[in-house]
Amino acid sequence: MATHVTVSHGADFEGVDRFTVKQLRELGQYVRGVLSYDDYTKLTPVLDHAGESELEFNTAEAALMAVLLRRAAAARTLPKKYAGPALLLGLSAARAVDEGEPWTWTLEEAGR
């Protein structure tokens, strides 16, 4: 299993954002408490299994992820430690949709 996930259409100089697998999986646990069941069941499988395989979301899937992640980030009860990554993920998914491109998650090992 990878230690980091790099998502396309991010905010850094190279147009990507990088998250630890632990960070994404912990976010998955917290969104269960801030989103409705109908919403979190669409999002948590992706977060719970982060780092197991590379992912590619088409524009419709990325649009849904963007909405759910930004909704989670805006929840007052989501700890700030997870609100930032949720917002960055939501914004990068939305950027992929705006550009009409797939939103991708690639895997990295520590130190690369």
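Here, every reference points to the structure presented above.
Here goes a summary of the coordinates provided. Everything numeric here is computed off the predicted structure, so don't read it as measured data.

### Some remarks on the packing of helix H2 (residues 37-48) against helix H3 (residues 59-74)
One can describe the packing of H2 onto H3 by two numbers: an axis separation of 10 Å at closest approach and a directional angle of 100 degrees. Considering the angle they form, H2 stands roughly perpendicular to H3. Of the residues in H3, those in contact with Asp-39, Lys-42, Leu-43 and Val-46 of H2 are Leu-64, Met-65, Leu-68, Leu-69 and Arg-71.

### Quick notes on helix H1 (residues 21-34)
When the terminal C-alpha atoms of H1 are compared, their 20 Å separation across 14 residues agrees well with the 20 Å that a helix rising 1.5 Å per residue should span. Within H1, burial applies to Val-21, Leu-24, Leu-27, Gly-28 and Val-31.

### Re the packing of aromatic side chains
Throughout the structure, instances matching the rule amount to five aromatic pairs. Taking 5.2 Å as the distance between ring centres and 35 degrees as the angle between the ring planes, the aromatic pair formed by Phe-57 and Trp-103 counts as tilted. Taken together, the residues Phe-57 in strand E3 (residues 55-57) and Trp-103 in strand E4 (residues 103-108) connect sequence positions 46 residues apart. Taken as a pair, Phe-57 and Trp-103 share a single burial class, namely buried. Note on Trp-103 and Trp-105: the rings are 5.5 Å apart at their centroids and 90 degrees apart in plane angle, and the pair reads as edge-to-face. Each member of the pair, Trp-103 together with Trp-105, is buried.

Thresholds, definitions, all that
Within each chain, residues carry numbers counting from 1 in the order of the written sequence. Reporting in this predicted model follows two pLDDT cut-offs: at least 70 for local features of residues, and 80 or more for side-chain atom pairs to be given and counted; totals over whole chains, interfaces and linings ignore these cut-offs and use all residues. Side-chain metrics in this entry use all non-hydrogen atoms of the structure; hydrogen atoms and water are not considered. Each axis is a line fitted through C-alpha atoms, taken for helices only over the stretch in contact, and angles between the N-to-C directions span 0 to 180 degrees. Each helix corresponds to a stretch of at least 4 residues labelled H or I by DSSP, and each strand to a stretch of at least 2 residues labelled E; elements are numbered beginning at the N terminus. Here is the rule for angles: anything less than 35 degrees is roughly parallel, anything more than 145 is roughly antiparallel, 65 through 115 is roughly perpendicular, and the remaining ranges are oblique. Every residue pair with non-hydrogen atoms within 4.5 Å of one another is taken to be in contact. Working rule for helices: expected span equals 1.5 Å times residues minus one. Exposure is judged per residue with a 1.4 Å probe applied to protein chains only, and the accessible area is read against the type maximum: over 50% gives exposed, under 20% gives buried, and values in between give partly exposed. Pairing of aromatic rings covers Phe, Tyr and the six-membered ring of Trp, with a centre-to-centre limit of 6.5 Å; geometry is then stacked below 30 degrees between planes, edge-to-face above 60, and tilted otherwise.

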